[in-house]
Amino acid sequence: AQSVSQHNHHVILSEAASLELGCNYSYGGTVNLFWYVQYPGQHLQLLLKYFSGDPLVKGIKGFEAEFIKSKFSFNLRKPSVQWSDTAEYFCAVRALRGATNKLIFGTGTLLAVQP
Amino acid sequence: DTEVTQTPKHLVMGMTNKKSLKCEQHMGHRAMYWYKQKAKKPPELMFVYSYEKLSINESVPSRFSPECPNSSLLNLHLHALQPEDSALYLCASSQDAGPGTDTQYFGPGTRLTVL
């Protein structure tokens with residue numbers, strides 16, 4: 001069965017620190033990969049996505065992620081975080097098999113940025 | 001416009017009540033989804049509708065009954081719920097449900113409390 005692991009459940013950083021959130025998935029076939037963010041009291045928003053091509057993907061708000069196929073990873077990065085980045089971050093994988101678009105979410109990483 | 005709207009924002013109901021959650025999108029998407037999100041957990045897929053037909057039911061109890069009256073609307077009818085059904089119910093839509101390069105857009109959710 002497909003699964004998604006986010007090893008960092010809770011991360012605390014100071015403003016201007018660099019961020020890297022880990023995401024690993026288990027599925028041997030072709031995948032589409034996503035990072036979603038959920039700000040406090042707000043709905044899930046798409047940060048970035050990888051479908052094919054350049055494995056380094058740039059998203060909104062200065063976030064980027066790198067797809068490393070050999071490591072089954074899709075880690076999220078930001079060089080310098082801001083207080084407004086405080087949110088929960090979910091990695092999600094869609095396995096391209098069968099007829100339906102089914103997303104599997106990781107357990108989420110709660111990021112707290114201290115001013 | 002990438003907006004998915006959901007009503008109501010909050011709902012409190014007793015175990016004997018019948019209520020409905022509503023979701024609407026005007027992006028011309030042909031796939032719509034219901035997810036359940038418990039506190040501090042990732043969203044879990046409940047149902048998928050593709051071209052107004054139910055294509056996935058993730059073994060959801062029959063006290064949850066989805067309905068897709070047209071391509072823009074998705075309802076979730078609730079009856080005889082249990083307190084453990086209290087959660088945030090999220091609706092999402094995507095261009096279609098087939099394998100490909102589609103992205104799911106999420107609504108803000110309905111916070112359901114079952115007393």
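Structure: above.
The structure presented is a predicted model; accordingly, all values stated were derived computationally and were not measured.

The rules behind the values
Residues numbered from 1 in each chain as written. Chains lettered and ligands numbered in written order. Predicted model: local features only at pLDDT ≥ 70, side-chain atom pairs only at ≥ 80, totals over all residues. Heavy atoms only, no water. Helix = DSSP H or I, 4+ residues; strand = E, 2+ residues; numbered from the N terminus. Rg over C-alpha atoms; globule rule 2.2 N^0.38 Å. Buried < 20%, exposed > 50% of the residue type's maximum accessible area, 1.4 Å probe, protein only. Contact = heavy atoms within 4.5 Å. Pairing = 2+ DSSP bridges. Axes fitted to C-alpha atoms, helices over the stretch in contact; angles between N-to-C directions. 1 Å grid on protein atoms, 1.4 Å probe; cavity = no way out; pocket = protein on both sides within 12 Å on 5 of 7 lines; lining within 4 Å. Points joined across faces, edges and corners; volume = space filled by probe spheres on them. Nonpolar A, V, L, I, M, F, W, Y, C, P; charged D, E, K, R; others polar. Buried area = accessible area lost by both parts, 1.4 Å probe. Salt bridge = Lys/Arg side-chain N within 4 Å of Asp/Glu carboxyl O.

Observations regarding the overall build of chain A
Logical step 1: A count of helices and strands for chain A gives zero helices and 12 strands.
Logical step 2: Listed N to C, the secondary structure of chain A is β-β-β-β-β-β-β-β-β-β-β-β in terms of helices and strands.
Logical step 3: In terms of C-alpha radius of gyration, chain A reaches 14 Å, essentially the compact-globule figure of 13 Å for 115 residues.
Logical step 4: Put simply, chain A has 115 residues, and 47% of those count as buried.
Logical step 5: For chain A, restricting intrachain contacts to residue pairs at least 6 apart in sequence, the fraction spanning at least 24 positions comes to 56%.

Some thoughts on unusual backbone geometry
Residues and elements named next belong to chain B.
Logical step 1: Residue P8 follows T7 across a cis peptide bond; omega there is -10°.
Logical step 2: In this structure, K40 takes a positive phi of about 60° despite not being glycine.
Logical step 3: Here K40 shows up in the loop between β4 (31-37) and β5 (44-50).
Logical step 4: Of note, S59 is a non-glycine position whose phi angle comes to about 55°, a positive value.
Logical step 5: Considering the arrangement of structural elements, one finds S59 in the loop between β6 (53-57) and β7 (64-70).
Logical step 6: For S59, a relative accessible area of 71% puts it in the exposed group.

Topic: the sheet that holds β7 of chain B
Residues and elements named next belong to chain B.
Logical step 1: If you walk across this open sheet you meet the four strands as β1-β3-β8-β7, and the pairing is antiparallel. For this open sheet the edge positions go to β1 (4-7) and β7, each flanked by a neighbour on one side alone. Each adjacent strand pair in this sheet contributes to an overall mean axis angle of 20°, direction not counted.
Logical step 2: With five bridges joining them, β7 and strand β8 (residues 73-79) adopt antiparallel strand pairing. Bridge pairing links E67 to N75 in β8.

What to know about the layout of surface pockets
Logical step 1: If you add up the space inside the largest pocket, you get close to 580 Å³.
Logical step 2: In terms of residue class, the lining of the largest pocket is made up of seven nonpolar, 11 polar and six charged.

Some remarks on the interface of chain A and chain B
One widely used convention gives an interface's size as the accessible area the parts lose upon coming together.
Logical step 1: Across the boundary between the two partners, chain A contributes 21 residues, which contact 26 residues of chain B.
Logical step 2: Of the roughly 1,800 Å² buried between chain A and chain B, counting both surfaces, carbon and sulfur atoms make up 57%.
Logical step 3: At the junction of chain A with chain B, the criterion picks out zero salt bridges.
Logical step 4: Looking at the side of chain A that touches chain B, the elements that each hand over two or more residues are β5 (31-38), β6 (45-50), β10 (87-95) and β11 (103-105) of chain A.

These values are about where atoms sit, not about what they do.
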